Amino acid sequence: MIHRVAGTSVETKERTLAAAGAELAAGSEAEAHDPAADAAADALGADLNEGGCAGEMYLVVAPVAAVRRRLTALLEEWPEHPLLEQLAEICDRVLALPLLSPLKQALTGLELLLARAQTWEEGAASHVSLAEELTACAKLALRWRQRELRTWPRLLARAAERHAQRAHRTWFALHRLLRPPASKKKKAKEDANADKEDAAAELDARGLNEEEAEGLRQVTLALEEYVQGSTIGEFRARLDLLWQFHADMAVEHRSIRSASRGNGAREAALSNVLYNTWRYYVQFLPAVARQVEAARAPCAQKLRDHAKLAKWEDRGYHAMKTQGEANQRSLHKFARAFDVSLNALVLPVLQATNGKVGLPDLPSERGAAEVAAASAAAAQTAKEAKNAAIEAKNKAARDAREKHKASSAGLYKNETVEERARREVDEEEAEKEYQREAENARKRAIAEAARRASTAAEAAAERTREEARADARQSWLDLTSSVVADASNAARAIELASAAFHPGSPAYAMAAPLRLDQESLYQSRLPALAKRLGEVLGSSLAGAPPIDSTTIAGQHGADDVDELASTVAARATALRDDETAKKAVKKKALTDLLRALPRFGIRSARKHVPDSERSPSAWFREAPLPRPACLDSLGPIAEEAFDAADAYYYRSMARVQRLRTVRGAAHSDLSSREVDVACGSVEHLLHVLRRQRRNVAAAARVERGFATLADAVVALQSLGGSEPPPPQERTKRWLLSQRSALDAICESVSAARLVHKTVSAAESAPGLKPGGGAAAA
């Protein structure tokens, strides 16, 4: 079961992050280059500072115990020797470590033992030497240092985790922002109760008073600063915190509504702001992931190279100490470089990503014809290059044969220097002309191949679209016929049932509010209305015959919005890439586009977008678009289209904000009027998109209501019986009153029982006390 939260669901987050978070997850994972060595290194934990590796910790017992036994024997020969006693104390401390202690403590003890023992070994004779016992300790220390090196490439992952943990500390600041202290809330509640009527009169459409609306606006701005002020390493963790607070606020809103403790308007508004902020900035996760990977890759490569080049031969204690210290310094430098990169602000990355608005940055939106043309052009280019190489080789051979034949015939025997120079110049010119003709021929062949491929792909796509339109038209006609038949059957059933009702019967009382006998009402004209609805909605299908409401779109050759946008984009790209196109032609194309937009319902005047919806903070306060339940029955294509439309809305928000930023730096060839019209049209398109989302949300609510009604009808049908069910509103009120009465009876019984128990316990006679009769017996 999917647990839905305020019109959205946990599945929404998982689906949204499936593509956006893939690069970030892949970028933070270190590459394994030696599975066996990595498995052995994993036995040590993330680093040596973590405990719990009992198997490795046990290995220290045998060599240190051997050293301790040898020291005991030497202390019997030289009692109270200070150096030997110090070594013995170090051995005792190492052996006293718990089995689950961090390996770093044991490694430090081993290295300290080896360091102090060097003083003894420098002046000790062979028969009192500790070399044999210390060799085993040195091998164990070398083993742990070597395996620790295998975990050092994962230092980058641990650095990223530290940044995420640092982001989690901002939880308290977010909690204080979204949930003000109790004293302030209590004071606000008292003020609201003091002037309840005035407060109710000042509530806006969301159920907020003026003070709450202003506070919500401040919270929206603070959340935007919270995300934009993040570092690259904390970006995803902060987005996760926003999602968690959104879910928390949504659950609190539902609990307030279910417990009738208020309208929960503030919690619902905060949930909307949190979700929209999260959904808006999650589209930048791939760009941030690429930035993290760009900073991680060189550091990870240096770490891997250093791990491969490190040498761990047993060349004595001093060599091992020098090598270990050098490794620590080098690897700390690499990890520090990555940490500094993660500390960079994420705002420049967001601005750079949002600045890429050109059509070349949208390769996924290219049509099938363009893709086929590009593929054919690439294939033809390779073919022409191969043919050109063969032709050049053959031509060089022909020229060599002709030159040798001319030399053999003595044509160049009496040639002067000037004649030879002119001949060589003519040959070079002829060679250049040949190369130009060959290059032009290759370009014509490539262009012709691309044109044929594009034409074929466009024809195939058109056939596919026509088949889809035909199937859609036929499906709609079948559905319309079925609905009209059902409406006719329903009308006949209502007519027969109305005739069978007798005054005074329960069925007559239920049917009376419907006023089925009045032919002017809609429920009395179901067949005609169903047929007319089928005609009106069918005219909007792709490829349907145009009627009065669709002739304007038909005149411009655009069947839908996608085709209009594709046509505009293709024309703009062609004019931009055409170096021979004059400035006047481009100016005329832009003017014609701006003049044609109002005929499609796209307005540029400021009055067409309400002032309350112009600020970006107002966009973030919009309710999120719920996922209609009918998508599951429509198939994966509809689900993919819904997800793409939802993502497109938040991309459009980013594009409009970018357009507002750069409109002051427009090209000098554009007049201020053209800039204003273009920006106004884009803002109106975003406003239309918001209205469409509200319509879809309203349709989803109606759909849920119909589903609830259908479930209730099925439940009533399962009860059986010929008598109709009683009036639901009256029955509901009666059930609620009975429930209240039963609750009051239960409370009274509990209170009476408690009084009886108290009075009985206060009695002096043992038999009257609770359990007194049983005790006496």
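Values in this document were obtained by computation on a predicted structure and should not be read as measured data. (Residues numbered from 1 in each chain as written. Predicted model: local features only at pLDDT ≥ 70, side-chain atom pairs only at ≥ 80, totals over all residues. Heavy atoms only, no water.)

Looking at the overall build of the protein
So, step 1. In terms of helices and strands, the protein carries 31 helices and 2 strands.
So, step 2. Here the protein holds 777 residues, and the buried ones make up 29% of them.
So, step 3. Across the protein, every contact between residues at least 6 apart in sequence was considered, and the portion connecting residues at least 24 apart equals 78%.
So, step 4. Of the roughly 48700 Å² of accessible surface on the protein, a fraction of 57% belongs to carbon and sulfur atoms. (Helix = DSSP H or I, 4+ residues; strand = E, 2+ residues; numbered from the N terminus. Buried < 20%, exposed > 50% of the residue type's maximum accessible area, 1.4 Å probe, protein only. Contact = heavy atoms within 4.5 Å. Areas by Shrake-Rupley, 256 points an atom, 1.4 Å probe, with all protein chains shown as cover.)

Re the packing of helix α9 (residues 155–168) against helix α14 (residues 235–258)
So, step 1. Contact geometry for α9 and α14: axes closest at 8 Å, N-to-C directions at 35°. For the pair α9 and α14, the sense of crossing is right-handed. Listed contacts from α14 to Ala164, Ala167 and His168 of α9 are Ala237, Arg238 and Leu241.
So, step 2. Partitioned by chemical class, the residues of the contact of α9 with α14 number 4 nonpolar, 1 polar and 1 charged. (Axes fitted to C-alpha atoms, helices over the stretch in contact; angles between N-to-C directions. Left-handed = near helix turned anticlockwise from the far one by under 90°. Nonpolar A, V, L, I, M, F, W, Y, C, P; charged D, E, K, R; others polar.)

A short note on the nonpolar core
So, step 1. Phe235, Leu239, Leu242, Tyr280, Tyr281, Phe338 and Met653 are the most contacted members of the largest nonpolar core, which has 55 residues in total.
So, step 2. The greatest single-element share of this core, amounting to 9 residues, is contributed by helix α15 (residues 265–281).
So, step 3. In this structure Met653 touches Tyr280, Trp619, Phe620 and Leu686, once residues within four positions along its chain are discounted.
So, step 4. Among the nonpolar cores identified, the runner-up in size contains 31 residues, and Cys91, Val94, Leu110 and Leu114 belong to it. (Core = buried A, V, L, I, M, F, W, Y, C linked by side-chain atoms within 4.5 Å.)

Focus on a nonpolar patch on the surface
So, step 1. On the surface, a nonpolar cluster with roughly 490 Å² of combined accessible area is contributed by Tyr58, Val61, Leu95, Leu99 and Leu100.
So, step 2. Summarising the element assignment, Leu99 is placed in the loop between α6 (82–95) and α7 (103–123). (Patch = residues over 30% accessible without salt bridge, like charges linked within 9 Å, V, L, I, M, F, W, Y side chains within 5 Å. Salt bridge = Lys/Arg side-chain N within 4 Å of Asp/Glu carboxyl O.)

With respect to the packing of α14 against α15
So, step 1. Interhelical geometry of α14 versus α15 gives an angle of 155° and a closest axis separation of 8 Å. Compared by their axis directions, α14 and α15 come out roughly antiparallel. As α14 runs across α15, the sense of the crossing is left-handed. Every residue of α15 that contacts α14 at Phe235, Leu239, Leu242, Trp243, Phe245, His246, Met249, Ala250, Glu252, His253 and Ile256 is listed here: Glu267, Ala268, Leu270, Ser271, Leu274, Tyr275, Thr277, Trp278 and Tyr281.
So, step 2. Its residues assigned to classes, the contact of α14 with α15 shows 14 nonpolar, 4 polar and 2 charged. (Parallel < 35°, antiparallel > 145°, perpendicular 65-115°, else oblique.)

What to know about the packing of aromatic side chains
So, step 1. Here the structure, examined in full by the defined rule, presents 11 aromatic pairs.
So, step 2. Taking 5.9 Å as the distance between ring centres and 75° as the angle between the ring planes, the aromatic pair formed by Tyr280 and Phe284 counts as edge-to-face. With respect to burial, Tyr280 and Phe284 carry one shared label: buried.
So, step 3. Both rings, one in Tyr649 and one in Tyr650, keep their centres 5.1 Å apart while their planes meet at 75°; by these two values the pair is edge-to-face.
So, step 4. Judged by its relative accessible area of 2%, Tyr649 falls in the buried class.
So, step 5. On the basis of relative accessible area, Tyr650 is assigned to the buried category, the value being 0%. (Phe/Tyr/Trp six-rings, centres within 6.5 Å; stacked < 30°, edge-to-face > 60°.)

Notes on the confidence of the model for the protein
So, step 1. Per-residue confidence for the protein averages 76 on the pLDDT scale, and 73% of its residues sit at or above 70.
So, step 2. Across the protein, the element-wise mean pLDDT spans from 34 in helix α23 (residues 551–555) up to 91 in helix α10 (residues 171–178).
So, step 3. When the criterion is pLDDT under 50, residues 360–366 qualifies, and its contacts beyond four places in sequence or with other chains add up to 5 contacts. (pLDDT = per-residue confidence, 0-100.)

Quick word on the pattern of salt bridges
So, step 1. Counting across every chain of the model gives 26 salt bridges.
So, step 2. The partner of Glu433 in a salt bridge is Arg436, with the nearest N and O atoms 2.5 Å apart. Separated by 3 residues within a single helix, Glu433 and Arg436 lie in helix α20 (residues 417–500), roughly one turn from each other.
So, step 3. The partner of Lys587 in a salt bridge is Glu674, with the nearest N and O atoms 2.9 Å apart. Of this pair, Lys587 sits in helix α25 (residues 583–596) while Glu674 sits in helix α29 (residues 672–719), and the two are 87 residues apart along the sequence.
So, step 4. What makes Glu674 buried here is its relative accessible area of 13%.

A closer look at α15
Every α-helical turn comprises 3.6 residues, leaving residues that sit three or four positions apart pointing alike.
So, step 1. The end-to-end C-alpha distance of α15 is 25 Å, a good match for the 24 Å that 17 residues give at a rise of 1.5 Å each.
So, step 2. The buried fraction of α15 amounts to 15 of the 17 residues, a majority that puts the element mostly inside the structure. (Expected span 1.5 Å × (residues − 1).)

Observations regarding unusual backbone geometry
So, step 1. Residue Glu80 is not a glycine yet carries a positive backbone phi of 60°.
So, step 2. Within the secondary structure, Glu80 sits in the loop between α5 (61–77) and α6.

Topic: the environment of His175
So, step 1. By secondary structure assignment, the location of His175 is in helix α10.
So, step 2. Take His175: its relative accessible area is 28%, and that puts it in the partly exposed class.
So, step 3. It is 8.3 Å that separates the C-alpha atoms of His175 and Phe245, two residues lying 70 residues apart in sequence.

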